[in-house]
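Listed below, chain by chain, are the residues.
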Amino acid sequence: QVQLVESGGGLVQAGGSLRLACVASGSIVNVHAMRWFRQAPGKQREWVASAFAANSTNYTDSVKGRFTISRDNVKHTVWLQMNSLKAEDTSVYYCNAALRTIATPFLTDYWGQGTQVTVSS
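A brief structural summary. (Residues numbered from 1 in each chain as written. Predicted model: local features only at pLDDT ≥ 70, side-chain atom pairs only at ≥ 80, totals over all residues. Heavy atoms only, no water.)

Further remarks concern the overall build of the protein. Check the secondary structure of the protein and you find zero helices and 11 strands. Shown N-terminal to C-terminal, the secondary structure of the protein runs as helices and strands in the order β-β-β-β-β-β-β-β-β-β-β. Computed over the C-alpha atoms, the radius of gyration of the protein is 14 Å, within 12% of the 14 Å expected from 2.2 N^0.38 for a compact globule of 121 residues. Oriented by its inertia axes, the alpha-carbon framework of the protein measures out at about 45 × 25 × 20 Å. Looking at the protein as a whole, 45% of its 121 residues qualify as buried. (Helix = DSSP H or I, 4+ residues; strand = E, 2+ residues; numbered from the N terminus. Rg over C-alpha atoms; globule rule 2.2 N^0.38 Å. Buried < 20%, exposed > 50% of the residue type's maximum accessible area, 1.4 Å probe, protein only.)

Below, the discussion takes up the packing of aromatic side chains. On inspection of all chains with the given rule, the structure shows one aromatic pair. Between Arg45 and the ring centre of Tyr94, over which it is positioned, the NZ or CZ distance is 3.7 Å. Between the NZ or CZ atom of Arg45 and the centre of the ring of Trp111, over which it lies, the distance is 4.8 Å. (Phe/Tyr/Trp six-rings, centres within 6.5 Å; stacked < 30°, edge-to-face > 60°. Lys NZ or Arg CZ within 6 Å of the ring centre and 35° of its normal.)

Everything listed is a geometric property; what it means functionally is a separate question.
Given below as structure tokens:
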């Protein structure tokens, strides 16, 4: 079994910063990509950022220049540093990992339980 556990959410004023973390654990063979998504009330879940095993990254336009994704390939951990936060960044943030395990040698998506980020204006 694979578990993804997020941490680091909370309440912050507009212009402030938060750092989210997500740790994947279990019988992991390799992790292809680790991603962050977010979902605001009444809206669809949207992709925020991705970090790949070769350390390439990409971001949705609305967070470019403000958010930074990074990962530790050995510890199966991904972080999302969020700076210059805006009220519209308020969402539940979900960690996603595309990985292979001993039992499932093909890429499979796993999700964390989500962590709330609230930005007050």
